[in-house]
Amino acid sequence: MATSWKHRYAKRMRGMSSSAIRELLKLTQQSDIISFAGGLPAPELFPVEEFRAATDRVLVKHGSEAMQYSTTEGYEPLREFIVLKMAQYNIQAAQENVLITSGSQQALDLIGKILINPGDMILTERPTYLGALQAWRAYEAEFVTVPIDGDGMQTEQLEEALCAGPKFMYILPNFQNPGGVTLSLERRQALINVTDRYGIPLIEDDPYGELRFEGEHLPPLVVLDAEKLNSRTPAGSAHGFYRGNVIYLSTFSKTLAPGLRLGWIVAPTEVVRECVKAKQGMDLHTSSFVQMVAYEVLKDGFLKDHVHRIRQVYRERRDIMLDAMARHFPPGVRWTRPHGGLFLWVTLPEIVDAGAVLERAVANKVAFVPGTAFYPDGSGHNTFRLNFSNAQPEQIKIGIKRLGEVLTAELEYEKELANNV
Ligand SMILES: Cc1ncc(COP(=O)(O)O)c(C=O)c1O
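Description of the structure in this document.

Cut-offs applied
Residues numbered from 1 in each chain as written. Predicted model: local features only at pLDDT ≥ 70, side-chain atom pairs only at ≥ 80, totals over all residues. Heavy atoms only, no water. Helix = DSSP H or I, 4+ residues; strand = E, 2+ residues; numbered from the N terminus. Rg over C-alpha atoms; globule rule 2.2 N^0.38 Å. Buried < 20%, exposed > 50% of the residue type's maximum accessible area, 1.4 Å probe, protein only. Contact = heavy atoms within 4.5 Å. Areas by Shrake-Rupley, 256 points an atom, 1.4 Å probe, with all protein chains shown as cover. Lys, Arg positive; Asp, Glu negative; His and termini not counted. Charge placed at Lys NZ, Arg CZ, Asp CG, Glu CD. Expected span 1.5 Å × (residues − 1). Near = heavy atom within 4 Å. Polar contact = N/O pair within 3.5 Å; in protein donor to acceptor, adjacent residues only side chain to side chain. Phe/Tyr/Trp six-rings, centres within 6.5 Å; stacked < 30°, edge-to-face > 60°. Arc of directions from axis to C-beta. 1 Å grid on protein atoms, 1.4 Å probe; cavity = no way out; pocket = protein on both sides within 12 Å on 5 of 7 lines; lining within 4 Å. Points joined across faces, edges and corners; volume = space filled by probe spheres on them. Nonpolar A, V, L, I, M, F, W, Y, C, P; charged D, E, K, R; others polar.

**Side note on the overall build of the protein chain**
Right, on to step 1. A tally of regular secondary structure across the protein chain gives 13 helices and 14 strands.
Right, on to step 2. Since a compact globule built from 421 residues should have a radius of gyration of about 22 Å, the 22 Å found for the protein chain is in line with a globular shape.
Right, on to step 3. Oriented by its inertia axes, the alpha-carbon framework of the protein chain measures out at about 70 × 65 × 55 Å.
Right, on to step 4. Counting every position in the protein chain, which comprises 421 residues, the buried fraction comes to 53%.
Right, on to step 5. By sequence separation, contacts in the protein chain at least 24 residues apart represent 76% of the contacts at least 6 residues apart.
Right, on to step 6. In the structure as shown, the protein chain presents an accessible area of about 19,200 Å², 52% of it carried by carbon and sulfur atoms.
Right, on to step 7. If you average the places of the 45 positive and of the 50 negative side-chain charges in the protein chain, the two averages end up 3 Å apart.

**Brief notes about the pairing of strand β11 (residues 343-347)**
Right, on to step 1. Counting buried residues along β11, five of its five residues qualify, which places the element largely inside the surrounding structure.
Right, on to step 2. Neither face of β11 is left uncovered, since the one carrying F343, W345 and T347 and the one carrying L344 and V346 both have all their residues buried.

**Topic: helix α3 (residues 76-88)**
Right, on to step 1. Counted at 1.5 Å a residue, the expected span for α3 with its 13 residues is 18 Å, and the 19 Å between its end C-alpha atoms agrees.
Right, on to step 2. Elements that come into contact with the buried residues of α3 comprise β2 (98-101), β8 (246-251), β9 (263-266), α10 (288-298) and α11 (302-328).
Right, on to step 3. Positive phi appears at N90, one or two residues downstream of α3, with a value of about 65°.

**Re the site of the ligand**
Right, on to step 1. Taken together, 13 residues lie around the ligand, and D205, Y208, T251, S253 and R261 are the ones closest in.
Right, on to step 2. N177 is positioned with one of its side-chain polar atoms (N or O) 2.8 Å from an oxygen atom of the ligand.
Right, on to step 3. Here a nitrogen atom of the ligand and a side-chain polar atom of D205 are 2.6 Å apart.
Right, on to step 4. When the free accessible area of the ligand is taken as 400 Å², the share hidden by the protein chains comes to 93%.

**What to know about the packing of aromatic side chains**
Right, on to step 1. Counting across every chain of the model gives ten aromatic pairs.
Right, on to step 2. Between Y208 and F343, the aromatic rings sit 5.9 Å apart at their centres with planes inclined by 85°, giving edge-to-face as the arrangement. Taken together, the residues Y208 in the loop between β7 (202-205) and α8 (221-232) and F343 in strand β11 connect sequence positions 135 residues apart. Note on accessibility: Y208 and F343 belong to one class, buried.
Right, on to step 3. With a centroid separation of 6.0 Å and an interplanar angle of 85°, the aromatic rings of W345 and F374 are classed as edge-to-face. Linking W345 in strand β11 with F374 in the loop between β13 (369-370) and β14 (383-387), this pair joins segments that are 29 residues apart in sequence. Of the two residues, W345 and F374, neither departs from the other in class, the shared state being buried.
Right, on to step 4. An aromatic cluster of three or more residues is present, and its members are W136, F168 and Y170.

**Some details on helix α7 (residues 185-198)**
Right, on to step 1. Here α7 is 14 residues long and its end C-alpha atoms lie 20 Å apart, about the 20 Å a rise of 1.5 Å per residue gives.
Right, on to step 2. Every buried residue of α7 is accounted for by R187, R188, L191, I192, V194 and T195. Along α7, the residues classed as buried sweep out an arc of 160° about the axis, all on the same side. Turned more than 90 degrees from where α7 packs its buried face, E186 and R197 sit exposed.
Right, on to step 3. Just downstream of α7, G199 is the residue with a positive phi angle, here 60°.

**Brief notes about empty space enclosed by the protein**
Right, on to step 1. The tally for this structure, following the rule as stated, stands at two cavities of 30 Å³ or more.
Right, on to step 2. By volume, the largest cavity is sized at about 120 Å³.
Right, on to step 3. Considering the residues around the largest cavity, the lining is formed by 16 residues, among which Y89, D206, E210, Y248 and S250 are closest to the centre.
Right, on to step 4. Only α3 and β8 provide two or more residues apiece to the lining of the largest cavity.
Right, on to step 5. Sorting elements by how many residues they give to the lining of the largest cavity places β8 first, with three residues.
Right, on to step 6. When grouped by side-chain class, the residues that make up the lining of the largest cavity number seven nonpolar, six polar and three charged.
Right, on to step 7. Put simply, the second largest cavity is a space of about 40 Å³.

Given below as structure tokens:
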């Protein structure tokens with residue numbers, strides 16, 4: 001007898017719904033649609049040749065090691081590389097603070113696995129990264145949110161949200177996905193003061209921090225937290241171990257290639273140990289082969305020039321997109337001007353529904369992601385996210401013109417409707 005699968009799924013699967021929007025976005029993979037929907041890097045910048053040559057060297061020199069099972073914590077030379085890389089940003093960590101993950105997405109899942117009980121409250125920005133909501137809904141988390149503005153999370157509203165008793169906070173300080181905004185230094189300090197006062201953990205998700213095209217690099221929250229700790233107990237910094245309130249996440253997805261599925265966590269050693277236990281049950285370890293090849297590419301300083309090139313290309317694409325938006329978007333539409341990263345964020349007049357606009361946009365051969373998916377409470381109906389890293393400059397110009405036509409028609413229509421009421 002065929003089983004009834006429907007009755008066998010775990011209760012937690014109810015939190016993982018597939019939306020109509022997702023179905024619509026599947027259409028955007030058609031080749032004649034210009035899609036600003038995905039969070040995809042520019043494929044022509046992937047270091048394919050470097051990886052081909054490095055794969056060859058790894059297989060010749062360390063073939064059997066690369067093919068063998070390995071430790072859960074990650075390939076030691078790569079962990080050490082990350083320790084040194086983190087030190088360039090003043091993040092003082094020892095190898096024991098670093099865990100290699102299968103992308104940052106796995107780090108989010110690991111955090112959910114080790115920290116979240118059903119019904120636990122998580123504090124996030126509003127809007128926030130959809131993938132974190134997906135990961136943590138699987139552990140039956142609930143969300144309390146604080147809105148963002150041009151300077152990131154509005155920290156003056158933080159204490160009120162803390163009354164909900166969140167287990168931890170989740171923040172994207174640099175070129176936030178989806179908002180494109182960056183948390184100001186004052187607000188970074190305010191956040192750390194709060195985490196310190198309440199002893200509440202903070203997850204700092206930073207996939208885009210290196211992709212700044214203008215302005216000064218701002219200190220990561222993990223650095224401000226360590227400084228605060230060390231100012232009170234200098235012994236806290238002994239041997240370079242990090243032991244504060246922050247779990248810092250980053251990834252090679254945006255600086256090398258997302259297909260590698262290579263990210264990392266920097267956290268207090270006790271947290272790393274718990275994550276290691278949880279990761280063993282997930283995938284034993286991140287691919288040793290991929291870690292070794294990536295290390296072979298990275299070890300002689302490849303990343304510096306490569307990231308420089310990515311920044312140039314993305315900056316140019318951001319400018320082209322902003323310029324086209326200024327030209328083609330109708331009055332009443334607002335958007336952010338990111339200083340780095342991959343995304344910008346558009347806000348339509350209240351009466352307009354971005355989901356309905358998407359339907360018309362897809363018919364006009366252009367696509368974006370409506371904002372509601374990024375709001376834990378399902379609000380944000382008049383917002384959407386645009387990605388500027390993936391499409392070629394000419395495509396950006398054409399796509400934004402198409403979108404401008406759709407938005408102009410939509411706003412005219414809404415105006416007529418309002419006049420007729
Ligand atoms: C904020 C944020 N966190 C995590 C991820 C997941 O990245 P990875 O490819 O390393 O899993 C992304 C991917 O877009 C992201 O935007």
